[in-house]
Amino acid sequence: MEIVVVSDSHGRIEVLNEILKAHPNADAYIHCGDLELPDTYFPQFIRVKGNNDYYANVPHEIVTQVNDLKVLITHSHQYTYIQRKQQLAKKAEHLGCKLVCYGHTHVFHDEVIDGIQLVNPGSCWINRDRSDPSYAVVTVEAGKMTVKRINVKI
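Throughout what follows, the structure given in this document is the object of discussion. From a predicted model like this one, the values you see are computed outputs, not experimental measurements. Note on numbering: residues in each chain are counted from 1, in written sequence order. A pLDDT threshold of at least 70 governs which residues receive local features in this predicted model, and a stricter bar of 80 or more applies before side-chain atom pairs are shown or counted, although totals over entire chains, interfaces and linings include all residues. To obtain the side-chain values, all non-hydrogen atoms of the structure were included, while hydrogens and water were left out.

A closer look at the pattern of salt bridges
Step number 1: Take a side-chain nitrogen of Lys or Arg and a carboxyl oxygen of Asp or Glu: if they are within 4 Å of each other, that pair is a salt bridge. Here the structure, examined in full by the defined rule, presents four salt bridges.
Step number 2: A salt bridge links arginine 47 to aspartate 39; the nearest nitrogen and oxygen atoms lie 3.7 Å apart.
Step number 3: Ionic pairing is found between lysine 91 and glutamate 61, a salt bridge with its closest N-O pair at 2.4 Å. In this pair, lysine 91 sits in helix H2 (residues 84-95) while glutamate 61 sits in strand E4 (residues 61-66), placing the two residues 30 residues apart along the sequence.
Step number 4: Exposure classes here rest on a 1.4 Å probe applied to the protein chains alone. A residue is buried below 20% of its type maximum, exposed above 50%, and partly exposed in between. What makes lysine 91 partly exposed here is its relative accessible area of 32%. Helix and strand labels come from DSSP, where a helix needs a run of H or I of at least four residues and a strand needs a run of E of at least two; each type is numbered from the N terminus.

Here it is in structure tokens:
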């Protein structure tokens, strides 16, 4: 199973089109907020509202099922900066989720906390740690989850 996770694309239509073209057979496409485009754009993506999605009519946070994997998706701007990852892992555990996809920080992150996989794909636009823009591909095979960072070519 392949899940493509993006965040903080801030209106970059061409980047999202290239990502969809590169992964035509993914089982799910997730956008963790700050798409900054109307709801009619990119219906392929399961998306949440980010702090810059002023007109989006989507929730700030959702739980979704991708095959047999339960996923918590959030932009994460409503969580405290210092304890964000721990708060997300705790909430995911409470909701029965094994994967958390979040954005907002514009920094790629991949970590397991208390058995919960946390993935921040970074930003498709500009990363705050000065690394290349990025997204993530989460692969699940035989119950094992792996996360791959893919840099966006601008």
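Following the structure, the description resumes.
Digging into the pairing of E4
On any regular strand, side chains alternate: one points to one face of the sheet, the next to the other face.
Step number 1: Here E4 shows a buried face lined by Ile62, Thr64 and Val66 and an unburied face lined by Glu61, Val63 and Gln65.
Step number 2: The pairing of E4 with strand E5 (residues 69-74) spans six bridges and is antiparallel. When the sheet's bridge partners are listed, valine 63 is paired in E5 with leucine 72.
Step number 3: At least two DSSP bridges between two strands are required for those strands to pair. Linking E4 back to E5 in an antiparallel pair, the connection comprises two residues, with asparagine 67 at a positive phi of about 55°.

Section: the sheet that holds strand E1 (residues 2-6)
Step number 1: With respect to topology, five strands assemble into an open sheet ordered E3-E2-E1-E9-E10, the strand pairing being mixed. The outermost strands of the open sheet, each flanked by one partner alone, are strand E3 (45-47) and strand E10 (144-151). On average, each strand axis in the sheet is inclined to that of its neighbour by 25°, with strand direction left out of account.
Step number 2: Here strand E2 (residues 28-31) pairs with E3 via three bridges, running parallel. Each residue of the ladder has a partner; that of tyrosine 29, found in E3, is phenylalanine 45.
Step number 3: Here a residue-residue contact requires only that any non-hydrogen atoms of the pair lie within 4.5 Å. Lines are fitted to the C-alpha atoms to define the axes, a helix being fitted only along its stretch in contact, and any angle between axes, read from their N-to-C directions, falls within 0 to 180 degrees. Docked against the sheet, helix H1 (residues 13-22) engages E1, E2, E3 and strand E9 (134-141), running at close to 170° with respect to E1.

A closer look at the nonpolar core
Step number 1: Here, nonpolar core means buried Ala, Val, Leu, Ile, Met, Phe, Trp, Tyr and Cys residues that are tied together by side-chain atoms lying within 4.5 Å of each other. Core analysis: the largest hydrophobic core is formed by 18 residues, its most contacted members being Ile3, Val5, Ile30, Val71, Ile73, Leu99 and Cys101.
Step number 2: If you list the elements that add at least two residues to this core, you get E1, E2, E4, E5, strand E6 (99-102) and E9.
Step number 3: Core analysis: the second largest hydrophobic core is formed by 17 residues, Val6, Leu20, Phe45 and Cys124 among them.

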